[in-house]
Amino acid sequence: MMYKSLENSNHCVDFNQAIINGISPDKGLYYPVNIPHLPKKFIENISEYDLHNIALEVIRQYVGNNIPDNELLSIIKKTLSFPFPIYEIHKNIYSLELFHGPTLAFKDVGTKFMALYLDYLQKIKFINKKITIIVATSGDTGAAVAKNFYGMKNINVVILYPKNRISEIQEKQISTLGNNIISLEISGTFDDCQNLVKTIFLDKDLKENLNITSANSINIARLLPQMFYYFSAYKQLKEKNLEIIFSVPSGNFGNICAGIISKKMGLPIKEFISATNINDTIPRFLKTGKYEPKKTIPTISNAMDISNPNNFTRIQNLYEKSFSLLKKEFYSYSFNDKETIDTIINVEKKYKYILDPHGAIGYLGLNKHLSKLGNKKNIIGVFIETAHPIKFFDKMPNFFSRKLHFNNEIKNLINRKKLSIKIPNNFTFLKQWLLNNIL
Ligand SMILES: *Cc1c(COP(=O)(O)O)cnc(C)c1O
């Protein structure tokens with residue numbers, strides 16, 4: 001498989017090069033030159049395969065001859081090493097829990113896959129110098145990258161996170177490891193962090209001196225493995241023989257983008273709902289056709305405090321850049337913090353299920369959409385629980401602290417010392433700091 005730049009389709013690279021570049025030299029996102037279609041038989045008989053072999057079948061199409069199947073399968077087995085259960089909250093409404101990995105949010109899958117793949121590229125000497133991974137985080141990417149890249153040889157990781165805008169557990173996950181994990185606390189928003197990272201990529205000195213790549217969902221190695229969730233959920237729900245709608249709490253729109261690619265590959269999914277907090281660039285876009293990001297507003301679902309979602313151009317390409325094709329099966333709704341908290345409280349009361357703020361928004365989006373459809377009986381709604389509620393204990397309604405179980409690992413984490421370095425929202429300053437400090 002080759003990947004073209006969405007800015008200039010003449011620039012094409014293979015999977016290995018696309019991972020190392022992160023973003024194409026002309027600033028375009030990489031995008032597969034075609035979306036392969038899986039054999040019908042495979043989808044029909046999906047129940048007969050285990051998740052590792054399903055994942056292999058799905059991803060090998062994108063990796064091509066760059067890695068032998070047995071090596072790829074071994075990466076997949078190490079990546080998908082925890083469960084992805086679905087839980088029926090009430091009739092035909094399911095939570096797809098993606099928070100059972102080491103950092104308690106769905107981003108463990110993409111980052112682990114990417115870390116192991118880079119490790120393989122070092123092993124075969126495709127990469128033969130030290131590289132620097134630079135990543136902007138709204139909380140969970142940083143945590144997952146820190147954990148999954150910790151201690152890797154010849155890889156430095158630099159994580160930019162927005163000061164005071166991530167949860168306490170997220171900050172501790174990012175900032176307490178040290179070693180090859182460098183955390184920078186930026187006085188700004190996530191969009192500021194993301195802009196700094198984009199500017200770093202365009203800077204020749206930095207790019208050449210530090211061998212930079214990205215581990216955000218702009219990197220296809222992060223994005224594509226997220227398809228595994230949708231295949232796993234489908235496998236678990238197939239025998240019900242009903243149409244499936246996914247509601248995905250969305251920030252940078254990487255997770256939902258992977259869902260749409262899965263559908264294009266042949267996975268039977270009826271519709272997608274992207275549920276956002278009040279940073280509602282996409283819900284407004286679907287109403288007006290105008291893409292007008294506003295200043296980012298902090299919310300309790302902080303991993304989605306993003307107004308300029310990176311992956312949206314990929315989604316537009318998946319719908320042939322046609323507004324009407326997009327609107328046929330892609331919906332988006334936004335919700336504020338009060339609605340989020342009320343939902344967390346009500347769902348716990350009624351169904352004894354504790355949502356996290358992001359999952360709560362997914363649940364709200366799903367219900368809103370289903371009520372529009374007139375609550376049809378032949379539909380299963382799946383919302384994605386993207387993080388464990390404990391990660392946001394400091395943002396949850398008070399009485400939840402008592403209901404959430406703090407295990408020793410979390411207690412130890414909270415007591416660890418923060419090692420991050422404070423950096424102003426200023427590119428010139430940051431550049432000098434990186435040149436002086438990253439060796
Ligand atoms: C990253 C994240 C999201 C948003 O995912 P995108 O792929 O950026 O749309 C939602 N919820 C949680 C908990 C996250 O960490």
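Before reading on, note that the structure itself is shown above.
Since this is a predicted model, take the numbers as computed values, not measurements.

Cut-off values and rules
Residues numbered from 1 in each chain as written. Predicted model: local features only at pLDDT ≥ 70, side-chain atom pairs only at ≥ 80, totals over all residues. Heavy atoms only, no water. Buried < 20%, exposed > 50% of the residue type's maximum accessible area, 1.4 Å probe, protein only. Helix = DSSP H or I, 4+ residues; strand = E, 2+ residues; numbered from the N terminus. Arc of directions from axis to C-beta. Near = heavy atom within 4 Å. Polar contact = N/O pair within 3.5 Å; in protein donor to acceptor, adjacent residues only side chain to side chain. Areas by Shrake-Rupley, 256 points an atom, 1.4 Å probe, with all protein chains shown as cover. Nonpolar A, V, L, I, M, F, W, Y, C, P; charged D, E, K, R; others polar. Axes fitted to C-alpha atoms, helices over the stretch in contact; angles between N-to-C directions. Parallel < 35°, antiparallel > 145°, perpendicular 65-115°, else oblique. Left-handed = near helix turned anticlockwise from the far one by under 90°. Contact = heavy atoms within 4.5 Å. Phe/Tyr/Trp six-rings, centres within 6.5 Å; stacked < 30°, edge-to-face > 60°. Pairing = 2+ DSSP bridges.

Q: Just to check I follow, could you spell out helix 4 (residues 69–79) for this structure?
A: Within an α-helix, residues lying three or four positions from one another point in the same direction, as the helix has 3.6 residues per turn. Every buried residue of helix 4 is listed here: Leu72, Leu73, Ile75, Ile76 and Thr79. Buried residues of helix 4 fall within an arc of 160° about the axis and therefore sit on the same side.

Q: I'm lost on the site of the ligand in this one. Help?
A: Near the ligand you find 15 residues, and of these Lys107, Asp140, Gly251, Asn252 and Phe253 are the closest. Between the ligand and the protein, one listed contact pairs an oxygen atom with a backbone N or O atom of glycine 251 at 2.8 Å. For the ligand, an oxygen atom lies 2.9 Å from a polar atom in the backbone of asparagine 255. Considered on its own, the ligand offers 380 Å² of accessible surface; in the complex 97% of this is hidden by protein. When its residues are assigned to classes, the shell around the ligand shows six nonpolar, seven polar and two charged.

Q: Which parts of the structure should I look at to understand the packing of helix 3 (residues 51–63) against helix 11 (residues 227–237)?
A: Working note: a packed helix pair is described by the angle between its axes plus the distance between those axes. As a packed pair, helix 3 and helix 11 sit with axes 10 Å apart at the nearest point and diverge in direction by 140°. Between helix 3 and helix 11, the crossing angle belongs to the class labelled oblique. Helix 11 is crossed by helix 3, and the crossing has right-handed handedness. Where helix 3 abuts helix 11, its residues Leu51, Ile54, Ala55, Val58, Ile59 and Tyr62 lie against Met227, Phe228, Phe231, Ser232 and Lys235. A class-by-class count of the residues in the contact of helix 3 with helix 11 yields nine nonpolar, one polar and one charged.

Q: Would you explain the environment of glutamate 7 in this entry?
A: Secondary-structure assignment places glutamate 7 in the loop between strand 1 (2–5) and strand 2 (12–14). In sequence terms glutamate 7 and histidine 388 are 381 residues apart; their C-alpha atoms lie 37 Å from each other. The residues touching glutamate 7, leaving out its near neighbours within four places in the chain, are Asp26, Lys27 and Gly28.

Q: Whenever I open this one, the packing of helix 3 against helix 4 confuses me. Can you help?
A: Interhelical geometry of helix 3 versus helix 4 gives an angle of 125° and a closest axis separation of 10 Å. The orientation of helix 3 with respect to helix 4, classified from their angle, is oblique. Once helix 3 is placed against helix 4, the crossing between them reads as right-handed. Side by side, helix 3 and helix 4 meet where His52, Asn53, Ala55, Leu56, Ile59 and Arg60 of the first sit next to Asp69, Leu72, Leu73, Ile76 and Lys77 of the second. Broken down by class, the residue content of the contact of helix 3 with helix 4 amounts to six nonpolar, two polar and three charged.

Q: Could you clarify how one ought to interpret the packing of aromatic side chains in this entry?
A: For any pair of aromatic rings, the description consists of the separation of the ring centres together with the inter-plane angle of the planes. Tallying each qualifying case throughout the model produces 18 aromatic pairs. Ring centres of phenylalanine 84 and tyrosine 229 lie 6.1 Å apart, and the angle between their planes is 45°; this geometry places the pair in the tilted category. Here phenylalanine 84, found in the loop between helix 4 and strand 4 (86–90), pairs with tyrosine 229, found in helix 11; they are 145 residues apart in sequence, far enough to count as distant. For the pair phenylalanine 84 and tyrosine 229, a shared accessibility class is recorded, and that class is buried. Each member of the aromatic cluster is reached from another via a ring pair, and the members are Phe253, Phe285, Tyr291, Phe312, Phe323 and Phe330.

Q: Just to check I follow, could you spell out the sheet that holds strand 8 (residues 181–187) for this structure?
A: Two orientations exist for strands paired in a sheet by backbone hydrogen bonds: parallel and antiparallel. Taken in spatial order, the five strands make up an open sheet running 9-6-7-8-14, and their pairing is parallel. Each edge of the open sheet carries a strand with a single partner, namely strand 9 (212–214) and strand 14 (421–424). Averaged over all pairs of adjacent strands, the angle between strand axes in this sheet comes to 30°, irrespective of strand direction. Pairing geometry for strand 7 (residues 155–162) and strand 8, over six bridges, is parallel. By the bridge assignment, valine 157 is partnered in strand 8 with isoleucine 181. With respect to the sheet, helix 5 (residues 107–123) is in contact with strand 6 (131–136), strand 7 and strand 9, its orientation differing from that of strand 6 by roughly 165°.

Q: What should I look at first to understand the environment of lysine 91 in this one?
A: Tracing the chain through its elements places lysine 91 in the loop between strand 4 and strand 5 (93–97). Assessed through its relative accessible area of 69%, lysine 91 is described here as exposed. For the pair lysine 91 and glycine 381, spaced 290 residues apart in the sequence, the C-alpha separation amounts to 9.4 Å.

Q: I tried to follow the side chain of histidine 369 on my own but got confused; where do I start?
A: Along the chain, histidine 369 turns up in helix 17 (residues 357–372). Within the local environment of histidine 369, its side chain forms a polar contact with the side chain of glutamate 271, the two groups lying 2.8 Å apart. Excluding anything up to four places from it in sequence, histidine 369 contacts Ile245, Glu271, Ile273, Tyr331 and Tyr333.

Q: Is there a simple way to think about unusual backbone geometry in this case?
A: Across residues other than glycine, the phi torsion is negative in most instances, and most of the peptide bonds are trans. Notably, glutamate 320 is not glycine yet its phi reads approximately 50°, a positive angle. Within the secondary structure layout, glutamate 320 lies in the loop between helix 14 (312–318) and helix 15 (323–329). By relative accessible area, which is 59% here, glutamate 320 ends up exposed. For lysine 321, which is not glycine, the phi torsion reads 60° and is therefore positive. In this structure, lysine 321 sits in the loop between helix 14 and helix 15. What makes lysine 321 exposed here is its relative accessible area of 64%.

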